[in-house]
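Take a look at the letters that make up each chain.
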Amino acid sequence: MAAAPATENSAKSSRNKGGALAFSLLLLTASAAPAAEPDAVARGAYLAAAAGCEQCHTDADHGGQRYAGGRQLPSEFGTITTPNLTPDRATGIGGWSDADFSRAMRWGIAPDDSHYVPSFPFVFYNRLSERDLSDIKAFLGSLPAVSRPGLAGAGSTALLARARAAIAVVATPLPGPWQPDPAKDPIWNRGAYLVATIGRCGYCHTPRTLLGAPDADRFLAGTSAGPDGKKVPNITPDGKAGIGNWNEDDIVSLLTDGHTPDFDFVGGAMAEVIKNTSRLSEEDRRAIAVYLRSVPAKSSPEQK
Amino acid sequence: MRSSLTLLALGAALAIGAVNSPTALAVDKEQVIKDREALMKEQASDMGSVKGYLDDKADQAKATAAATDLIQTMGKLPDVFPPGTEGPGSDGKYAPKPEVWSDGKDFLAHRDTAAGKAEALLAAVKTGDKANIQTAFADLGKNGCGACHGKFREELKK
């Protein structure tokens, strides 16, 4: 069945509301309705597409094959070469066990015990459900194996960058799989889960402490010094500093087409994010909107 | 009526800008930046009209006029980015990146891309097929407007 969109075109197929809704509910309650369970590869493909794994793990500028890595990625922790995620045993992750994959995704530790720098957003994937992790692995395992000699799992070798990365990771809470709040609606829980995991909004929109960990008191409150040194807007529901004057539809529209309520089309880093969110189902985009409308409003320090 | 007068005034301002010498343009920097903002807002409003049609809040005639205007305003874009007009708009949120002028060829290529997508949007609007329009709308927005903003627009820190 086609309930798990994996491509840009799939935004349309996800309008198959019954399927997509059942799908969303399944993600929430991993044990529910085994009879209606879409297959793991399709679910994993949907999650991987919405997370945008391919953006970093494909060297598109040099004709690299999908998910085969090799892209040179500048980061605040030095330039890294992205690993090959295809099931090639020698240069990809074909030899990885489920436990290897889970450890890499949740804790940023490769099977050879080396640590990834947090450009690989494992601090968000830390919160994925076991089932979603296993479905993503199933999807990656279904890809054609591509041999791409070169660095398979290495990150930056710059000592200072490593040290900073290590401090940031140690300072960042990694509580493991996200737990739904039974007091809240399923749609809120779904939105919170997506923001905390594959959406990873906080990567840019939450300022960091001096140690490099996300500042929990300023969750999604924006910063004038984002990961690229760029200004990142406040997306809490504060009427002045944030997006308090946006309604749910406005947020859904941004995540679908990339336009703000006054029809400014975002560029830069957020345009890359829109490529991912446009692959989400309409229900999942709405869930994110519902959740974002509910987070604590924060004024911007410079506007006090 | 009022908006068409504004358009007429804008068009006249642009026409004057286009035929004037660089010296006069330098003098008119403030005016060019105002025209630039007005042009962007006009395009934003056009996109809003198309979206309104998609959401059953505006009729097809309005969306057709808006898509037609998008094509026309794409043609005017170089006129509101003459050399020597760097600097932020009135709200101080954005400014053109220097690449608008240092990589002018690519800037024009982005404009051409956007103009092509605006043509496709008009064609889609004329069919009245909402699914087609949605696709063309998103394509123009993301890969036309958004692509240019990403490469040539600087978000300023406050």
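Throughout what follows, the structure given in this document is the object of discussion. (Residues numbered from 1 in each chain as written. Chains lettered and ligands numbered in written order. Predicted model: local features only at pLDDT ≥ 70, side-chain atom pairs only at ≥ 80, totals over all residues. Heavy atoms only, no water.)

1. Topic: the overall build of chain B
- Each helix and strand counted, chain B has seven helices and two strands in total.
- Element order for chain B, N to C, with α for helix and β for strand: α-α-α-α-β-α-α-α-β.
- The buried share of chain B, reckoned over its 158 residues, is 43%.
- Partitioning the intrachain contacts of chain B with sequence separation of at least 6 by distance along the chain shows that 75% fall at a separation of at least 24.
- When the accessible surface of chain B is summed, it comes to about 8100 Å², and 58% of that surface belongs to carbon and sulfur atoms. (Helix = DSSP H or I, 4+ residues; strand = E, 2+ residues; numbered from the N terminus. Buried < 20%, exposed > 50% of the residue type's maximum accessible area, 1.4 Å probe, protein only. Contact = heavy atoms within 4.5 Å. Areas by Shrake-Rupley, 256 points an atom, 1.4 Å probe, with all protein chains shown as cover.)

2. Here we look at the interface of chain B and chain A
- Contacts between the two partners involve 22 residues from chain B and, on the opposite side, 19 residues from chain A.
- Summed over both sides, the interface between chain B and chain A buries roughly 1700 Å², with carbon and sulfur atoms accounting for 54% of that surface.
- Here chain B and chain A share two salt bridges between them.
- For B:Lys51, the salt bridge identified is with A:Asp257, shortest N-O distance 3.8 Å.
- The interface formed by chain B and chain A holds four residue pairs in polar contact (both at pLDDT 80 or more) in total.
- Looking at which element gives the most residues to the side of chain B that touches chain A, the answer is helix H7 (residues 130–152) of chain B, with eleven residues.
- Its residues placed into classes, the side of chain B that touches chain A shows eight nonpolar, seven polar and seven charged. (Buried area = accessible area lost by both parts, 1.4 Å probe. Salt bridge = Lys/Arg side-chain N within 4 Å of Asp/Glu carboxyl O. Polar contact = N/O pair within 3.5 Å; in protein donor to acceptor, adjacent residues only side chain to side chain. Nonpolar A, V, L, I, M, F, W, Y, C, P; charged D, E, K, R; others polar.)

3. With respect to the environment of A:Arg127
Residue and element names in this part refer to chain A.
- Topologically, Arg127 is positioned in the loop between helix H6 (122–125) and helix H7 (130–142).
- On the basis of relative accessible area, Arg127 is assigned to the partly exposed category, the value being 22%.
- For the pair Arg127 and Leu194, spaced 67 residues apart in the sequence, the C-alpha separation amounts to 9.7 Å.
- Within polar-contact distance, the side chain of Arg127 engages the backbone oxygen of Gly176 at 3.2 Å.

4. Quick notes on the layout of surface pockets
Residue and element names in this part refer to chain A.
- If you add up the space inside the second largest pocket, you get close to 630 Å³.
- Taken together, 27 residues form the lining of the second largest pocket, with Val123, Phe124, Thr172, Pro214 and Phe219 sitting closest to its centre.
- Listing elements by their share of the lining of the second largest pocket, those giving two or more residues are H6, helix H8 (159–171), helix H9 (186–196) and helix H10 (202–205).
- Top contributing element to the lining of the second largest pocket by residue count: H9, with four residues.
- Looking at the lining of the second largest pocket, its residues break down into 20 nonpolar, four polar and three charged. (1 Å grid on protein atoms, 1.4 Å probe; cavity = no way out; pocket = protein on both sides within 12 Å on 5 of 7 lines; lining within 4 Å. Points joined across faces, edges and corners; volume = space filled by probe spheres on them.)

5. Thoughts on the packing of helix H11 (residues 248–257) of chain A against helix H13 (residues 282–292) of chain A
Residues and elements named next belong to chain A.
- At their nearest, the axes of H11 and H13 sit 9 Å apart, and the two run at 130° to each other. Taken together, the axes of H11 and H13 lie oblique to each other. Crossing of H11 over H13 shows right-handed handedness. Across from Glu248, Asp249, Ile251, Val252, Leu255 and Thr256 in H11, the residues of H13 making contact are Glu282, Arg285, Arg286, Ile288, Ala289, Val290 and Leu292. (Axes fitted to C-alpha atoms, helices over the stretch in contact; angles between N-to-C directions. Parallel < 35°, antiparallel > 145°, perpendicular 65-115°, else oblique. Left-handed = near helix turned anticlockwise from the far one by under 90°.)

6. A few points about H9(A)
- For H9(A), a buried count of nine out of eleven residues is recorded, marking the element as mostly surrounded by other parts of the structure.
- All of the buried residues along H9(A) are A:Trp188, A:Asn189, A:Arg190, A:Gly191, A:Ala192, A:Tyr193, A:Leu194, A:Val195 and A:Ala196.

7. A short note on the packing of aromatic side chains
- Inspection of the entire model under this criterion finds ten aromatic pairs over all chains.
- Both rings, one in A:Tyr67 and one in A:Phe139, keep their centres 5.5 Å apart while their planes meet at 75°; by these two values the pair is edge-to-face. In this pair, A:Tyr67 is assigned in the loop between helix H4 (53–56) and strand E1 (72–73) and A:Phe139 in helix H7, connecting sequence segments 72 residues apart. In this structure, A:Tyr67 and A:Phe139 share a single accessibility class: buried.
- Seen in terms of ring centroids, A:Trp178 and A:Tyr193 are 6.1 Å apart; in terms of plane orientation they differ by 65°. Their pairing is edge-to-face. Residue A:Trp178 is found in the loop between H8 and H9, and its partner A:Tyr193 is found in helix H9; the two are separated by 15 residues along the sequence. With respect to class, A:Trp178 is no different from A:Tyr193; both count as buried.
- Through a chain of ring-to-ring contacts, the aromatic side chains of A:Tyr116, A:Phe120, A:Phe122 and A:Tyr125 assemble into a single cluster.
- In this arrangement the basic side chain of A:Lys184 is found over the ring face of A:Trp188, its NZ or CZ atom lying 4.7 Å from the centre.
- One Lys or Arg, B:Lys130, reaches over the ring of B:Tyr53 and ends 4.5 Å from the middle of that ring. (Phe/Tyr/Trp six-rings, centres within 6.5 Å; stacked < 30°, edge-to-face > 60°. Lys NZ or Arg CZ within 6 Å of the ring centre and 35° of its normal.)

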